[in-house]
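# Observations on the three-dimensional arrangement
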Amino acid sequence: MIKNISNLGDAALYCDFGTEVNKEINSKVIRYFKSIQKENIDGINNLTPSYNKLIISFDLRKKNFQTIKQQIENLNVINDDALESNKIKIPVCCDENFSLDIKRLEENLQITRDKIYEKFFGKEFFCYMTGFIAGMPFLGDLENELQAKRLETPRVKVPKGSVGLTEQFANVYTFESPGGWNIIGNTPKVIFDSTKENNPNLINPGDVVIFEQINKDQYYNINE
Amino acid sequence: MNKNYFEIKRAGINTTFQDQGRGNLYHIGIPFSGAMDNRNFQISNKLVGNEVNFPTIEFAFQGPLLKYFGENINFAITGDVKFIIRKKSNAIEGDCYQSFTLENGDELDIISTNKSVYGYLAVSGEFEVNYQWSSCSVNTKANIGANNGKKIEDGQKIYISNINKNLSDKKLNYINTKIENIRVIQGTNFDYFSDEGKKIIFEKEFVISKLSDRMGMRLEGPKIENIVDTNIKSEGLLKGVIQVPADGNPIIMLSDHGTIGGYPKIGVVISADYDKLVQLTPGSKIKFKKVELADAETLFKLYDLETQNLISQI
């Protein structure tokens, strides 16, 4: 299922599952990721699943590229049925203080904000991966009419909780961070909680996310 | 029992608690973090009789000024660091790679790192810090680790417990060598770059930009031209990965890097050269030398043996 395994530096395997971004390829990545986690292979010290790649880092004091590669090639991969998937609802307020880029989107996409909300809220999005900053989910796929480019000049500070769109993807900024996604609203929900060491992420790869629109009062009533 | 503690009179520029960091969290967006220069970190602990993975205070450029209160304690500083110990009656300039004793009321003034970036302060006891995922290492981006995931600040107190009563002096003869040739393995997107770009990366000099920190090191120099696509579908990153964004200036990922990125990877710094890489100061010149995987593995074995050998001499 892995198309090619190469080395990324001297202490990681770069597993290539293809070049496209779709649920089918990403599910394969997630199956490998979860299978390796389950096997608890000595020497592996990190795994990074993404749209269509899986990077496996290892401790060069214990193992090397060839030995880990062999173990991955002989791995027992769990099948799709064994994948857990949660459905998570994320409330989002689109008050003008939060929807920083809605005007820009209306202009670039040539549709009204109501149409944008209609096509965004209540739809099921698949979580391809989490990361860049702790807990940030990369969700998809947006309809063609919602697909916009990144900001030409990224913001120095995107507020925590911001919900952004870029190309066929949506995300949530779990921390204040620099970023170039088109911000349409803000969620009061805690998406990453470092005090929950066993499960700090609300949204994990393979999960399904549904965004729900809330008003300002509801936003401030959710105290997380 | 009286508490033993440091009062922070001056925090310094980038002073954080660090140990060897935390693994197995890339998939949720958390990098290893940990001491930037792992060799110097380990040596500092060994010089005060600790296990090598005890929490230490890492500082960069200007270090902290600390006033000590409590029973006698040993400390050691590693790196290339200028520091002064001020006692009631006199002040002495300290040497790195050697343990010293602090008495109640003494001040330790870590003035600066010399032509290097990071230094380490270890004490013969345990800093009272909180751990997350078994590590105290501070990640200021996600506020994870000791000190609520924040840098050490002016005026705060740092408590120390379990002071080792057997305060024997320790010393290591070691000088930090500097390298300007950093060895690199070709990256997974090497073919995204023009023939000229491929030559530039391994033949030309780059200068380290001021915009460098624990997350990444930016380089300036001849532009590396991309002929395929200046973006890739976002995928995992590692420390040591050299990305080249659209502007053609390479960025090297360091210990607090973002876990996912969308710029093509032209190369990866070999594990054996990482400790030396992070010590290069802004304005320094840097040149990359291409090596193959097998060589990188051997070079790391040698480097690790050398580190183990240094530790065993203490």
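Residues numbered from 1 in each chain as written. Chains lettered and ligands numbered in written order. Predicted model: local features only at pLDDT ≥ 70, side-chain atom pairs only at ≥ 80, totals over all residues.

### As for the nonpolar core
- The biggest cluster of nonpolar side chains holds 141 residues, and the ones touching the most others in it are Ala12 and Ile56 of chain A together with Phe75, Ala122 and Val269 of chain B.
- Ignoring sequence-local partners within four residues, the contact set of isoleucine 56 of chain A consists of Ala12, Leu13, Cys15, Ile36, Ile44, Leu47, Ile68 and Ile72 of chain A. (Core = buried A, V, L, I, M, F, W, Y, C linked by C-beta atoms within 7 Å. Buried ≥ 20, exposed ≤ 12 C-beta atoms within 10 Å, placed from the backbone. Contact = placed C-beta atoms within 7 Å.)

### With respect to the confidence of the model for chain B
- Per-residue confidence for chain B averages 96 on the pLDDT scale, and 99% of its residues sit at or above 70.
- Interface predicted TM-score (ipTM) for the complex: 0.96; the corresponding pTM is 0.95. (pLDDT = per-residue confidence, 0-100.)

### Description of unusual backbone geometry
- The amide bond that connects glycine 140 of chain A to the next residue, aspartate 141 of chain A, takes the cis arrangement and shows omega of 0°.
- Topologically, aspartate 141 of chain A is positioned in the loop between strand 7 (137-140) and strand 8 (155-158).
- Positive phi is not limited to glycine here, since asparagine 147 of chain B has a value of about 55°.
- Inspection of the secondary structure assignment puts asparagine 147 of chain B in helix 2 (residues 146-149).
- Note on asparagine 147 of chain B: 20 C-beta atoms within 10 Å, which makes it buried. (Helix = DSSP H or I, 4+ residues; strand = E, 2+ residues; numbered from the N terminus.)

### Observations regarding the domain arrangement of chain B
Residues and elements named next belong to chain B.
- In terms of domains, chain B is made up of domain 1 (4-161) and domain 2 (181-313).
- Taken together, the 22 residues of domain 1 in the interface contact 15 residues of domain 2.
- For the side of domain 1 that touches domain 2, the element with the highest residue contribution is helix 1 (residues 38-47), accounting for five residues.
- Considering only residue class, the side of domain 1 that touches domain 2 consists of nine nonpolar, eight polar and five charged. (Domains from an automatic or database assignment. Nonpolar A, V, L, I, M, F, W, Y, C, P; charged D, E, K, R; others polar.)

### Points about the domain arrangement of chain A
All names here are of chain A.
- For chain A, the domain assignment lists domain 1 (4-82) and domain 2 (87-221).
- In this structure, domain 1 and domain 2 have C-alpha centres spaced 28 Å apart.
- At the level of elements, helix 1 (23-39) and strand 3 (44-49) are the ones that each hand at least two residues to the side of domain 1 that touches domain 2.
- The element that contributes the greatest number of residues to the side of domain 1 that touches domain 2 is helix 1, accounting for three residues.

### A short note on the sheet that holds strand 15 (residues 216-220) of chain B
All names here are of chain B.
- With mixed pairing, the seven strands of this closed barrel are ordered in space as 13-20-17-18-15-14-21. The sheet shows a mean angle of 40° between the axes of neighbouring strands, direction not considered.
- Two strands pair when backbone bridges link them, and strand 17 (residues 241-243) and strand 20 (residues 265-269) are joined in this way by three bridges, in the antiparallel orientation. Bridge assignment links valine 241 to a residue of strand 20, and that residue is valine 268.
- Running at roughly 115° to strand 21 (residues 285-290), helix 3 (residues 195-203) makes contact with strand 20 and strand 21 of the sheet. (Pairing = 2+ DSSP bridges. Axes fitted to C-alpha atoms, helices over the stretch in contact; angles between N-to-C directions.)

### Some remarks on the interface of chain A and chain B
- Between chain A and chain B, the residue contacts involve 38 residues of the former and 31 residues of the latter.
- The set of elements that each furnish at least two residues to the side of chain A that touches chain B consists of strand 1 (4-7), strand 2 (12-16), strand 3, strand 4 (53-58) and strand 6 (124-130) of chain A.
- Residues belonging to the side of chain A that touches chain B are distributed by class as follows: 19 nonpolar, 15 polar and four charged.

### Some points on the sheet that holds strand 8 (residues 99-102) of chain B
All names here are of chain B.
- Judged by pairing direction, the sheet is antiparallel, and its five strands sit side by side in the order 2-3-10-5-8 without closing on themselves. Because the sheet does not close on itself, it has two edges, and the strands there are strand 2 (16-18) and strand 8. Each strand axis lies, on average, 35° off the axis of its neighbour in the sheet, ignoring direction.
- By the bridge criterion, four bridges tie strand 5 (residues 73-78) to strand 10 (residues 118-123) in an arrangement that is antiparallel. Counterpart to phenylalanine 75 in the pairing with strand 10 is valine 123.

### Some thoughts on helix 1 of chain A
Residue and element names in this part refer to chain A.
- Taking 1.5 Å as the rise per residue, helix 1 with 17 residues should run 24 Å; its terminal C-alpha atoms sit 24 Å apart, in good agreement.
- Asn26, Lys28, Val29, Ile30, Arg31, Tyr32, Phe33, Lys34 and Ile36 are the residues of helix 1 that are buried.
- On its buried face, helix 1 sits against strand 2, strand 3, strand 4 and strand 6. (Expected span 1.5 Å × (residues − 1).)

### A closer look at the pairing of strand 7 of chain A
Residue and element names in this part refer to chain A.
- Where strand 6 lies against strand 7, four bridges are found, and the strand directions are antiparallel. The partner of cysteine 127 across the bridge, within strand 7, is leucine 139.
- Counting the residues between successive antiparallel strands, the hairpin from strand 6 to strand 7 contains six residues, one of them, glycine 131, with a positive phi of roughly 145°.
- Sheet analysis places strand 7 next to strand 10 (residues 169-172), joined by three bridges and oriented antiparallel. From the neighbouring strand, leucine 139 faces strand 10, where its bridge partner is alanine 170.

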